[in-house]
Structures are given as C-alpha cells and as structure tokens.
Amino acid sequence: MVIEKVGDFYVDTATGEKLIPETILRRQTEVVKVFDASKGGRMVKHIKLRSAREQKRLYYNQLDLQERGFLFSLLCLMDWETNLLVGDGENGEKGRPLSWSMIDRIIGVSKPFRIRIVRKLEEHRVIGYMVVGGKQAGIVINPRYALFGRKPDDALLQVFESETDVWEEDHF
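Residues numbered from 1 in each chain as written. Predicted model: local features only at pLDDT ≥ 70, side-chain atom pairs only at ≥ 80, totals over all residues. Heavy atoms only, no water.

Q: Which residues make up the packing of helix 2 (residues 65-74) against helix 3 (residues 100-107), and what values do they have?
A: Any two packed helices are characterised by the angle at which their axes cross and by the distance between the axes. Here helix 2 crosses helix 3 at 100°, and the two axes come no closer than 11 Å. With respect to helix 3, the element helix 2 is oriented roughly perpendicular. Contacts between helix 2 and helix 3 pair Phe70, Ser73 and Leu74 from the former with Trp100, Ile103 and Ile107 from the latter. For the contact of helix 2 with helix 3, the per-class residue count stands at 5 nonpolar, 1 polar and no charged. (Axes fitted to C-alpha atoms, helices over the stretch in contact; angles between N-to-C directions. Helix = DSSP H or I, 4+ residues; strand = E, 2+ residues; numbered from the N terminus. Parallel < 35°, antiparallel > 145°, perpendicular 65-115°, else oblique. Contact = heavy atoms within 4.5 Å. Nonpolar A, V, L, I, M, F, W, Y, C, P; charged D, E, K, R; others polar.)

What follows is the structure, given as structure tokens:
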C-alpha cells in the first residue's frame, strides 16, 4: 500500500481510496478500536443502558450491589426489541421464554436469593411480566432502563404503562 498526501487528506494509490487523518486524545486506560462500518458495523446488536438522572438514582441509591449485579446479569438474556428473557440454544430452548428456575441455573443463584432481589426489582418496575390470556408468558426488562434493539416493541411498552394489576382483574 502506497499512500500519497493530497491537500488535507491522503490517497491509497493502489485503490484510489481517500484516507482522512484523525487525531485521537485518550487516557492511558482507554483503548481505541477502528472498525470498518461498510463490513456490517451497523448490524452489530448492542444493549443500550439508560443513564439519565432517574435511572442513576435507582441504580446507585435504591439498589444494592447484589441487585444491580443480578439485573445486569439478565441483560445478555434479552430478546431483540421485546426485552423478553429467552433461551439462546445453549441456555434454554432458543427463542423460548425462560422461567425463573432456568434463570437461577444460568446465573448461578439460589431461589431464595433470587426471590428477594426480584421483589425489589418488581417494586421499582425494572422487571415486569408479559401476560397473554391472563397468564405470565415471559419476563421482561423495562426499556426505560435497558433496551436490546432500536425501538421497543409496542407489547413491551404496554407491560410497563399498565396501571392495573392483571391478577386483580376479573376473568370471565
């Protein structure tokens, strides 16, 4: 590869491609990685964590370290745009909602420990339940705290916008 300077940029003479010089300031503890966006960089799926004032207050003032750790260990189990906790084929059946007992096994916690933590996360509306036909169909993470995808699914938003308790409704 032979590179020539032409004005404010450089040119790879073999391909004719323009190369733009960049200066990056970083701390000693930081690492900078270059990736080629044309090779699918936009297709990489990331979990977005909200860090607005409300979320920070919950994370640091109302949840203890064990509760935060439990919550963050659930994030890798979320399904795209539904935030439903599902199996990946190695842990549970691929694409099927996970039960709490399966999650206990995957994360490596005891049932009493998990129950104590989940109650607090439910109280703060960080964890909710997808309900289909009056039955809990799956466990979901509130998209106000974390989202796996670009836009939350409408069904996911309904889980946390609901003001009524499905267990108190009369089913005919």
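Q: Tell me what's going on with a nonpolar patch on the surface, and back it up with residues and numbers.
A: A cluster of nonpolar side chains, Met1, Ile3 and Tyr10, forms an exposed patch at the surface whose accessible area comes to about 330 Å². Classification of Tyr10 as partly exposed rests on a relative accessible area of 30%. (Patch = residues over 30% accessible without salt bridge, like charges linked within 9 Å, V, L, I, M, F, W, Y side chains within 5 Å. Areas by Shrake-Rupley, 256 points an atom, 1.4 Å probe, with all protein chains shown as cover. Salt bridge = Lys/Arg side-chain N within 4 Å of Asp/Glu carboxyl O. Buried < 20%, exposed > 50% of the residue type's maximum accessible area, 1.4 Å probe, protein only.)

Q: If you had to explain the pattern of salt bridges to someone new, which residues and values would you point to?
A: Following the criterion strictly, the structure yields 5 salt bridges and no others. Note that Glu30 and Arg27 form a salt bridge whose closest N and O atoms lie 3.3 Å from each other. Judged by relative accessible area, which is 33%, Glu30 ranks as partly exposed. The closest approach of N and O atoms between Lys120 and Glu67, which form a salt bridge, is 3.7 Å. Note that Lys120 is positioned in helix 4 (residues 111-123) and Glu67 in helix 2, a separation of 53 residues in sequence. Under the relative-accessibility criterion, Glu67 is labelled buried at 3%.

Q: Please give an account of the pairing of strand 1 (residues 3-6) that cites residues and values.
A: Relative to strand 2 (residues 9-12), strand 1 runs antiparallel, the two being bridged by 4 bridges. When the sheet's bridge partners are listed, Val6 is paired in strand 2 with Phe9. Counted between consecutive antiparallel strands, the loop separating strand 1 from strand 2 contains 2 residues, among which Gly7 sits at a positive phi close to 65°. (Pairing = 2+ DSSP bridges.)

Q: Describe helix 1 (residues 53-62), listing the residues and the values that go with them.
A: Every α-helical turn comprises 3.6 residues, leaving residues that sit three or four positions apart pointing alike. Looking at helix 1, one finds that the buried residues are Gln55, Leu58 and Tyr59. The arc that holds the buried residues of helix 1, viewed along the axis, is 90°, so those residues lie on one side. Those residues of helix 1 that are exposed and aimed more than 90 degrees away from the buried face are Arg53, Tyr60 and Asn61. If you follow the buried residues of helix 1, they end up packed against helix 2. (Arc of directions from axis to C-beta.)

Q: How would you explain the nonpolar core if you had to name every residue and give the values?
A: Ranked by internal contacts, the top residues of the largest apolar core, which has 25 residues, are Phe70, Leu74, Leu85, Trp100, Ile103, Leu121 and Ile141. Ignoring sequence-local partners within four residues, the contact set of Trp100 consists of Phe70, Arg114, Val118, Ile127, Tyr129 and Ile139. One finds Val86, Met130, Val159 and Phe160 within the second-largest nonpolar core, a separate group that totals 7 residues. (Core = buried A, V, L, I, M, F, W, Y, C linked by side-chain atoms within 4.5 Å.)

These values are about where atoms sit, not about what they do.
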